[in-house]
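Listed here are the chains, written in short residue letters.
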Amino acid sequence: MQAADLGSVNGDQEAERKNKLMKTSEIRILSKKNILCVYAVLAALMVIGTVADFQLNTALYHPASAFAQIVSHYGLYPAVLCTYVSLAIFLKLITRDVKDVVSILCGLWNLYMCRSATKEFIKLFNSDTGMVKYIQLGLGIAIAVICAAAVFVKLDTSDRRTCRRIAMTILFAFSFQYILINKGLKGLWGRPRFRTLIVTDGMEFTPWYCPGLTEGAKALIQSGISVKEFQSFPSGHAGCASCLITLVCLCRVVPSLKKRETLLTTIGICWALLTIIGRMVAGAHFLTDVTAATCIGWTGFVLFAKLFAIGHAGKE
C-alpha cells in the first residue's frame, strides 16, 4: 500500500513538473488571452478606419517623408527574412536526414517563396538609381542571409519534429497571407489608393466594404491609370510586416534565443506598427487596408501555430 502511495505521489510530482515545464515554455504571444487582445485591437482599428479612413489619411499624408520612403522600401523585408530563415531550418534537417521527405517537399515550396519574396523586394527599388539602390538591396539581402546562416548553425535539431513544425509555421503563415492578399484580394477588391484619389478627377473614395471596380474606375484604367492604383485593399506591405512576429518561434529551437522571446515579440509588433503608419503617410493605403492585412497575417500565424501545436513543448 505504501509503495503504491509513493508511486502515486511520484506520479503527481512528475505530472506537476511537466505542467510547469509546459507553462514556462509557452510562447506568450500565442496564449489565448494575447490572441484575443490582438484581435480586439485590430477590430477597434477597423471600426475607427471605417468611420474616418479619408480624414486620417488627409492628416497623415506626407509622401516626401523619409520615413514613408524607408517603409516603402523595407516594408516587404520580413518576407525575405522569414522565408530565408525557414529555408535554413529545412536545409539543416535535410542535411541530418536526407530521407526526410516532408522537409524536402516543404523546402522546395520554400525555395519558390524565397524567389517570390526576393523578387517583390527588388521591385521596390526599381525607381531608384545609382549605387544607393544596390547598396540598400545588397545590405538587406546580406542581413537576411547572415540571419539564416546563424539559425542554420545554432539550430538545435535534437527534436526534429519541433524544428520542422516551426519552419512550417513560419513558411505557411507567410504563404497564407501572400497568396490571399497579393494573388487574390488586392486584384478583386479594386479599391483606389489615397495618393491617386486626391489628384485624379473623377476618382471617388470607396469604403473598404464595397469591393469591386466601379464603372468610373474602369474608365480611368482604360484612360491610362495603372491598375495598381486600384489595389489599396488590403495592404501587401502590412501583410508581410505582420509575418515578422512568426520568428518568435525560434526561441524554442535556437538555444541562444531562448531568453529573447520578449525582444523578438517587441521587434515584430513595432515593425508592424511602423509599417502601418508608414503606408498611410505615403498615401498608399488607408487604415482599414493595413489593419485588414495585419489581421490576415496574424490569423495565418495563429492558425498554423495551433495546427502544428508549437505553443507548448508539452504538446509536441
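Quick caveat: nothing in here was measured; it's all calculated off a predicted structure. (Residues numbered from 1 in each chain as written. Predicted model: local features only at pLDDT ≥ 70, side-chain atom pairs only at ≥ 80, totals over all residues. Heavy atoms only, no water.)

1. Some words on the overall build of the protein chain
- Summing up its helical and strand segments, the protein chain has 12 helices and 0 strands in all.
- Going residue by residue from the N terminus, the α and β elements of the protein chain occur as α-α-α-α-α-α-α-α-α-α-α-α.
- Buried positions account for 47% of the 316 residues belonging to the protein chain.
- In the protein chain, 81% of the contacts between residues at least 6 apart in sequence involve partners at least 24 apart.
- Surface exposure of the protein chain reaches about 15,800 Å², of which carbon and sulfur atoms provide 66%. (Helix = DSSP H or I, 4+ residues; strand = E, 2+ residues; numbered from the N terminus. Buried < 20%, exposed > 50% of the residue type's maximum accessible area, 1.4 Å probe, protein only. Contact = heavy atoms within 4.5 Å. Areas by Shrake-Rupley, 256 points an atom, 1.4 Å probe, with all protein chains shown as cover.)

2. Describing the confidence of the model for the protein chain
- On average, residues of the protein chain score 88 in pLDDT, and 89% of them reach the 70 mark or higher.
- Below a pLDDT of 50 lies the segment residues 14–24, which in the model reaches 2 contacts outside its immediate sequence neighbourhood of four places, other chains included. (pLDDT = per-residue confidence, 0-100.)

3. Thoughts on a nonpolar patch on the surface
- A contiguous nonpolar surface patch, about 460 Å² in accessible area, is contributed by Val101, Ile104, Leu105, Leu108 and Leu111.
- Mapped onto the secondary structure, leucine 111 falls in helix H5 (residues 101–123).
- For leucine 111, a relative accessible area of 47% gives the class partly exposed. (Patch = residues over 30% accessible without salt bridge, like charges linked within 9 Å, V, L, I, M, F, W, Y side chains within 5 Å. Salt bridge = Lys/Arg side-chain N within 4 Å of Asp/Glu carboxyl O.)

4. Observations regarding the nonpolar core
- Among the nonpolar cores identified, the biggest contains 57 residues, and Ile89, Phe174, Leu247, Leu250 and Phe301 are the most heavily contacted of them.
- Listing elements by their share of this core, those giving two or more residues are helix H4 (77–96), H5, helix H6 (131–154), helix H7 (160–189) and helix H12 (287–307).
- Top contributing element to this core by residue count: H4, with 12 residues.
- Grouped together as the second largest cluster of nonpolar side chains are 13 residues, Met46, Trp189, Ala292 and Ile296 included. (Core = buried A, V, L, I, M, F, W, Y, C linked by side-chain atoms within 4.5 Å.)

5. Thoughts on empty space enclosed by the protein
- For the structure shown, the criterion picks out 1 cavity of 30 Å³ or more.
- Space inside the largest cavity adds up to approximately 40 Å³.
- Around the largest cavity, the lining residues are Leu76, Ala79, Ala117, Glu120, Phe174, Tyr178, Asn182 and Cys240.
- Elements supplying a minimum of two residues to the lining of the largest cavity: H5 and H7.
- A total of 3 residues in the lining of the largest cavity trace back to one element, the largest contributor, which is H7.
- Its residues placed into classes, the lining of the largest cavity shows 6 nonpolar, 1 polar and 1 charged. (1 Å grid on protein atoms, 1.4 Å probe; cavity = no way out; pocket = protein on both sides within 12 Å on 5 of 7 lines; lining within 4 Å. Points joined across faces, edges and corners; volume = space filled by probe spheres on them. Nonpolar A, V, L, I, M, F, W, Y, C, P; charged D, E, K, R; others polar.)

6. Quick look at helix H2 (residues 32–60)
- Its 29 residues place the ends of H2 only 34 Å apart at the C-alpha level, less than the 42 Å of an ideal helix rising 1.5 Å per residue.
- The largest bend in H2 comes to about 85°, at alanine 52.
- Lining the buried residues of H2 we find helix H8 (194–197), helix H11 (261–281) and H12. (Expected span 1.5 Å × (residues − 1). Bend = angle between axes of the 7 residues up to and from the residue.)

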